[in-house]
Every structure is written in structure tokens, then in C-alpha cells.
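What follows is each chain in one-letter form.
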Amino acid sequence: MTPTNHQHDALSISVVNDANTEFEKFLHEQIRSFNNIYSMPHRQVRKVGLAPLHIIVRGHEDRIVGGIAAFTYWNWLEIDNFWLEEGHRGRGVGRDVLTLAEHEAKSRGCLRASLRTFSFQARGFYEKQGYRIIGTLEDYPPGEAFYWMRKDF
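Quantities reported herein were computed from a predicted structural model and do not represent experimental measurements. (Residues numbered from 1 in each chain as written. Predicted model: local features only at pLDDT ≥ 70, side-chain atom pairs only at ≥ 80, totals over all residues. Heavy atoms only, no water.)

1. Overview of the packing of aromatic side chains
Each aromatic ring pair is described using two quantities: the centre-to-centre distance and the angle formed by the ring planes.
Line of reasoning, step 1. Evaluation of the coordinates by the stated rule reveals 11 aromatic pairs.
Line of reasoning, step 2. With a centroid separation of 5.0 Å and 65 degrees between ring planes, the pair formed by Tyr73 and Trp74 is classed as edge-to-face.
Line of reasoning, step 3. Relative accessible area serves as the criterion here: at 17%, Tyr73 is assigned to the buried category.
Line of reasoning, step 4. Exposure remark for Trp74: the relative accessible area of 37% places this residue in the partly exposed category. (Phe/Tyr/Trp six-rings, centres within 6.5 Å; stacked < 30°, edge-to-face > 60°. Buried < 20%, exposed > 50% of the residue type's maximum accessible area, 1.4 Å probe, protein only.)

2. Digging into the sheet that holds strand E5 (residues 76–84)
Line of reasoning, step 1. Spatially, the six strands line up as an open sheet ordered E3-E4-E5-E6-E8-E7, and their pairing is mixed. Pairing within the sheet leaves two strands with one partner each, and these edge strands are strand E3 (51–58) and strand E7 (132–138). If you compare each strand with its neighbour and ignore which way they point, the axes differ by 20 degrees on average.
Line of reasoning, step 2. With eight bridges connecting them, E3 and strand E4 (residues 64–73) associate as antiparallel partners. Bridging from a neighbouring strand, Leu53 pairs with Ala70 of E4.
Line of reasoning, step 3. Along the sheet, helix H3 (residues 93–107) makes contact with E3, E4, E5 and strand E8 (145–152), crossing E5 at roughly 160 degrees. (Pairing = 2+ DSSP bridges. Helix = DSSP H or I, 4+ residues; strand = E, 2+ residues; numbered from the N terminus. Axes fitted to C-alpha atoms, helices over the stretch in contact; angles between N-to-C directions. Contact = heavy atoms within 4.5 Å.)

3. Re the nonpolar core
Line of reasoning, step 1. Among the nonpolar cores identified, the biggest contains 22 residues, and Ile68, Ile79, Phe82 and Tyr131 are the most heavily contacted of them.
Line of reasoning, step 2. When contributions to this core are tallied by element, the ones reaching two or more residues are E3, E4, E5, H3, strand E6 (112–118) and E8.
Line of reasoning, step 3. Residues in contact with Ile68, not counting those within four places in the same chain, are Leu53, His54, Ile55, Ile79, Asn81, Phe82, Val97, Leu98 and Ala101. (Core = buried A, V, L, I, M, F, W, Y, C linked by side-chain atoms within 4.5 Å.)

Encoded structure:
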């Protein structure tokens, strides 16, 4: 598809509908550079890096049946992915895994946790564990909702 071009002073502004990872990487690096200048916490975390916190749940024959992939930084536990096979849900395994992650995060100096979930996923589970909604994106995806949640330790 041919890009749509617009002129603004000496600039050329184009709409391009093709994937462009080089362009995406360029923008990402520019934003990181800006953040490094204006945000001391961003500068500091980039020097030491995010600290991975992964809780792996294994079943028979050492097969992975779930777990948490998370990171700790800025005194936060950020849970990126948390999943358990259906056969292990509703039996307290998820609660124990989340509690273990929170305990480890606290030992690293974390004061709070954040995560994201959809209305068709585990909102109720997280609320039972003390998480609260701090943001909602309605109709995302259509007919559902996306939630940002947090818990203060």
C-alpha cells in the first residue's frame, strides 16, 4: 500500500500500514533516552536491570503445569504472566504460588504489586488475594474489559 503523505512546514508525515521493526525500535530507544534524562528511577533501574522473579510449578515427570513470570524493581512486584493448568485451579495452588511470589518480593524490599488481567480471566481470584482495580479499559476486547490491579503489602 502506498503511504499517505502530509506536509507540515519542512516535515513529511506519512501513514504506513506495513510492519517496521526498525522504526519501532528507533521510537523505543528515543523514549528510553528521554526517560533516562528526566527520570532518575528509569536511569537507576537500567543500570542494575529488572530482577526476575519466576515461580515454576511442576507436575508429574517434572512437566511445567503453571507458574508466575514477574520482575521486581522500584519497590514493586510486577506480575507479567500467571497461569495454572485447569486441573490445578480452585485447589489453593494459585493462592500459594501468588503468596510465595509476594513473600519473595517483600524480601527484596517491594512494598506493592501490580498486574493486568481481562474480565474473562482471573479478576475475582486476584480480588480475593487483596488486589484492587486501579484502572479499567472497557470494551477491550469488544464485550470484555481489561483491568490494572495493585496490592499494597
